[in-house]
Protein chains: 2
Amino acid sequence: MVRGRISRLSVRDVRFPTSLGGHGSDAMHTDPDYSAAYVVLETDAEDGLKGYGITFTLGKGTEVVVCAVNALAPHLLNKDLGDIVGDFRGFYRQLTSDSQLRWIGPEKGVVHLATSAVLNAVWDLWAKQEGKPLWKLLVDMDPRKLVSCLDFRYITDVLTEEEAYEILQKGQVGKKEREEQMLAHGYPAYTTSCAWLGYSDTMLKQLCSKALEDGWTRFKVKVGADLQDDIRRCRLIRNMIGPEKTLMMDANQRWDVPEAVEWMAKLAEFKPLWIEEPTSPDDILGHATISKALVPLGIGVATGEQCHNRVIFKQLLQAKALQFLQIDSCRLGSVNENLSVLLMAKKFDSNKKSHRFSFTSPSLPYLALSGNLSSLLVPVCPHAGGVGLCELVQHLIIFDFISVSASLKDRMCEYVDHLHEHFTYPVIIKKASYMPPKDAGYSTEMKEESVKKHQYPDGEVWEKLLAAQGN
Amino acid sequence: MVRGRISRLSVRDVRFPTSLGGHGSDAMHTDPDYSAAYVVLETDAEDGLKGYGITFTLGKGTEVVVCAVNALAPHLLNKDLGDIVGDFRGFYRQLTSDSQLRWIGPEKGVVHLATSAVLNAVWDLWAKQEGKPLWKLLVDMDPRKLVSCLDFRYITDVLTEEEAYEILQKGQVGKKEREEQMLAHGYPAYTTSCAWLGYSDTMLKQLCSKALEDGWTRFKVKVGADLQDDIRRCRLIRNMIGPEKTLMMDANQRWDVPEAVEWMAKLAEFKPLWIEEPTSPDDILGHATISKALVPLGIGVATGEQCHNRVIFKQLLQAKALQFLQIDSCRLGSVNENLSVLLMAKKFDSNKKSHRFSFTSPSLPYLALSGNLSSLLVPVCPHAGGVGLCELVQHLIIFDFISVSASLKDRMCEYVDHLHEHFTYPVIIKKASYMPPKDAGYSTEMKEESVKKHQYPDGEVWEKLLAAQGN
């Protein structure tokens, strides 16, 4: 079905000046300009279809990712798309294990972000050629074919190819019903749009009121810069949403391990479901220590948006270091690597002896997501927001529900109400849920006019801003 | 004492075509071209001194690191050197926690390699202005000042600033004698030059004979691509060096966890002191599993050259995942971060109950490094080789002996006999030991003629090579 030889790969540095409004601000990222390295693949096929891929960045440094995409380009140019997706595991490993390039990774940081952008474009093109939205391409794909896209290197001690296949085979049961359920009701979401750290209390209140009116029931607040501010803001938002709705907190890596435990003990009264990124994303054992201390207070630990590859997720699961697992569509090596994490999460039953949320927890009323906490799985609750992360990750989590997890217990996908207008196929949210995309592809395509305007540094928007700054 | 404002930062892409001779080849890096992003800092001070800094790369991708150095440059330009080293912790954090740039790291991969290159140049300049080789600058520095250069973020659960200070204070005792010892005898080294994976058996034999003649007693062999080849090569080298000399093995991340254990069980008869990089450098728990399985066979686990920051080293120590810790002068964030790892290693007594090398181990005769294995510390055995890694890391390990570890038990520094001729102050090896550098600075300066010739792609060497390849 797939066709064409890749004849052109272009990549652009696209930045949105979100820092001007404090959007996206948190304890570690005080002035983010939501940006993307934006890849376009063209083929010599007559259909004229293009593959679009992005990876999300915060402004400065996007040019470094662009440079890394160009370093990867020779692996794609003049290759048949059929050969790439025909041995997708081999192609994945070719990109991630290039004998010279791997030294500057491997499978982490800039080169891995670039890998993600490039492979996101390949998946977009593949889905477009098949005439299906990406989630549907995955749902319909033969399990044997699907596992052949995954690189199991370094994770076979937790998940082998055969085990992955078995999980997918089991997922075939009831698949049709779950697909119908998704099409009818969508995938549940939570909002992070109300409580960025740089927002004033007034703005927070306004946004929170509006979100409640719009039917949102799950809210995330940024914390970690100043304890007294956090207490005031958390009290404000908890009072507004009431005791029954769900509140999550996000520290964006601000704390050391002991500090995380102490700080969160002081915010426990506001009954957060989880504390997200309490410390360094590299600190698996630190997250385990924090989990152990906070779970008895009814607070789970969530992390993932800066976990750089499947090996880190593997260990977070092994160490029981997290209660909520947050995949990211643009930091991991595209769909290929994200699928391996979804499958590990499915396989990885928490040890029944481990202390997880208990029915006697005083905070149980606030665990509004789940009437039944007997599930011992680690629920996947994807990271989204930024530029395009919502557009992409909805495909993965909808596939996860239909073909892997078969559960919505304790599960929800992040949503941020930003920058969707720049996408050709923007997300559709109904009743605080992601409605499954119907257009073919991975929803990665941006409007050409937006790209032109926001290209850095020569797009119209930046020319004006930089001139105003006297640069 | 320090002076001048940084008036210029330049960075160049310098590559040596080592792949043509199979030098540096291993199971994962089959054709490395040893390369560097090479930074030069100039100031407006009248002394005319410049700071030189490198980070090591393998060819392709060096241009990506160069791009990242340029992204960091605004943090240095027009800054007073006095302000930088006066609050070196603050400056370190400014580079590593830039609110926008940190997204494409943080503290890992390309941006961290770039941070290393830039800060190596700052340390070189500082040492030159003080008229001392870097190791001596560190040895003479007041402990309070020294710890003020370190960022303890994310490691305070294992090492606080006060604990670091105490370790350095204790290290003052006997310092003078240890400095004299170093000046007289140097720091013990081992050689990796004999047994790259791409070398024929004939070449291996020749190089091994020559190394024995030159007084080397510790040898490393690359393994991991093919078991039968490994058995043949390991037998060959063990037969040549005899049972009393030390043999180490290096798999360069080739295996999954179960595979590493199985493979090494089959190489145990050749009595390796350690297996280096048996699996992914990110897999802390994997290394712990491998250690647990191999230590009873008398084989330790070594890793570090691709451990991307102090948080990973912290956990490797916490999890008892390694028996030998290998710092790298160009992957960690320069001297600043390496010092924090040296101090953690010093503090981190292995749990006395843990299974480490035992006196009854059948392989004891081969643990030629140590007559007394009662030390419970994890010895630091730095990674070197590449381009300039020997030149740089010798300063760190000599400082470590004089001011921190005060021990040579089970300790040695890697040495590879390559590319030293391109440095203005090349390493001096006598009787298989690194002799302490005497010139001021960090030994990072390359000969301008070498840089010009090997600049990529327009240096003379590459113009010829690329023309011959028809590019």
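One numbering rule holds for all chains: residues counted from 1, following each sequence as written. Chains carry letters from A onward and ligands carry numbers from 1 onward, assigned in written order. Selection of residues for local features in this predicted model requires a pLDDT of at least 70, selection of side-chain atom pairs for listing and counting requires 80 or more, and totals for whole chains, interfaces and linings are taken over all residues. Computation of side-chain values: all heavy atoms of the structure, hydrogens and water removed.

> So what's going on with the packing of helix α3 (residues 88-96) of chain B against helix α4 (residues 109-130) of chain B? Which residues, and what values?
Residue and element names in this part refer to chain B. The geometry of α3 relative to α4 is characterised by a closest axis approach of 10 Å and an angle of 155° between their N-to-C directions. In terms of axis orientation, α3 runs roughly antiparallel to α4. In the crossing of α3 with α4, the sense of the turn from one axis to the other is right-handed. Between α3, through Phe88, Phe91, Tyr92, Leu95 and Thr96, and α4, the contact on the second element is made entirely by His112, Thr115, Val118, Leu119, Val122, Trp123 and Trp126. Three classes are used, and their members are as follows: Ala, Val, Leu, Ile, Met, Phe, Trp, Tyr, Cys and Pro are nonpolar, Asp, Glu, Lys and Arg are charged, and the others, Gly among them, are polar. Here the contact of α3 with α4 is built from residues that sort into nine nonpolar, three polar and no charged. Axis geometry follows a simple rule: fit a line to the C-alpha atoms, using only the stretch in contact for helices, then measure angles between N-to-C directions, giving values from 0 to 180 degrees. Secondary structure elements are taken from DSSP: a helix is a run of H or I of four residues or more, a strand is a run of E of two residues or more, and numbering for both begins at the N terminus. In these notes the angle categories are as follows: under 35 degrees is roughly parallel, over 145 is roughly antiparallel, 65 to 115 is roughly perpendicular, and the rest is oblique. Put simply, a crossing is left-handed when the front helix is turned counterclockwise from the back one by less than a right angle, and right-handed when it is turned clockwise. Throughout, a contact is declared for two residues whenever any of their heavy atoms are within 4.5 Å.

> Before we move on, could you go through the side chain of B:Lys128 and cite the residues and values that matter?
Residue and element names in this part refer to chain B. Among the structural elements, Lys128 can be located in helix α4. Between N or O atoms, a polar contact is any pair within 3.5 Å; within protein, one atom must be a potential hydrogen donor and the other a potential acceptor, and residues adjacent in sequence are included only when both atoms are from side chains. Within the structure, Lys128 has its side chain in polar contact with the side chain of Glu445 (distance 3.3 Å). For Lys128, the residues in contact, after removing those within four places along its chain, are Leu49, Lys50, Tyr52, Ala440, Gly441 and Glu445.

> How would you sum up the interface of chain A and chain B? Please name residues and give values.
Taken together, the 63 residues of chain A in the interface contact 63 residues of chain B. By definition here, a salt bridge exists when the distance from a side-chain nitrogen of Lys or Arg to a carboxyl oxygen of Asp or Glu is within 4 Å. At the boundary of chain A and chain B, one finds six salt bridges. The salt bridge involving B:Asp98 is made with A:Lys60; its shortest N-O contact spans 2.7 Å. The interface formed by chain A and chain B holds 44 residue pairs in polar contact (both at pLDDT 80 or more) in total. Taken together, the elements giving at least two residues each to the side of chain A that touches chain B come down to β3 (50-57), α1 (62-72), α4 (109-130), α11 (257-267), α12 (284-294) and α13 (310-318) of chain A. Taken together, the residues that form the side of chain A that touches chain B break down as 27 nonpolar, 20 polar and 16 charged.

> Describe the pattern of salt bridges, and please don't skip the residues or the numbers.
Evaluated as defined, the whole model comprises 64 salt bridges over all chains. Here A:Arg15 makes a salt bridge to A:Asp13, at a shortest N to O gap of 2.8 Å. The buried label applies to any residue whose accessible area, calculated with a 1.4 Å probe on protein chains only, is under 20% of its type's maximum; exposed applies above 50%, and partly exposed to all values in between. Given the relative accessible area of 4%, A:Arg15 is considered buried. Exposure remark for A:Asp13: the relative accessible area of 9% places this residue in the buried category. Ionic pairing is found between B:Lys108 and A:Asp282, a salt bridge with its closest N-O pair at 3.1 Å. Pair noted here: B:Lys108 is in the loop between α3 and α4 and A:Asp282 is in the loop between β7 (272-276) and α12, and the two residues belong to different chains.

> Tell me what's going on with the packing of aromatic side chains, and back it up with residues and numbers.
Pairing of aromatic side chains requires ring centres within 6.5 Å, counting the rings of Phe and Tyr and the six-membered ring of Trp. Pairs whose planes differ by under 30 degrees are stacked, by over 60 edge-to-face, and all others tilted. In total, this model carries 24 aromatic pairs over all chains according to the counting rule given. Between the aromatic rings of B:Phe88 and B:Trp123, the centroid separation amounts to 5.0 Å while the plane-to-plane angle is 25°, which identifies the pairing as stacked. Of this pair, B:Phe88 sits in helix α3 while B:Trp123 sits in helix α4, and the two are 35 residues apart along the sequence. Residues B:Phe88 and B:Trp123 agree in their burial class; the two are buried. With a centroid separation of 5.6 Å and 85° between ring planes, the pair formed by B:Tyr190 and B:Trp274 is classed as edge-to-face. With B:Tyr190 in strand β4 (residues 187-195) and B:Trp274 in strand β7 (residues 272-276), the pair connects residues that are 84 residues apart, well separated along the chain. The exposure classification of B:Tyr190 matches that of B:Trp274, with both residues buried. By the ring-pair criterion, three or more aromatic residues cluster together here, those being A:Tyr34, A:Phe56 and B:Trp103. Two limits define a charge over a ring: the Lys NZ or Arg CZ must be within 6 Å of the ring centre, and within 35 degrees of the ring normal. When the ring centre of A:Tyr165 is taken as reference, the NZ or CZ atom of A:Arg144 above it lies at 3.6 Å.

Keep in mind these values describe shape, not function.
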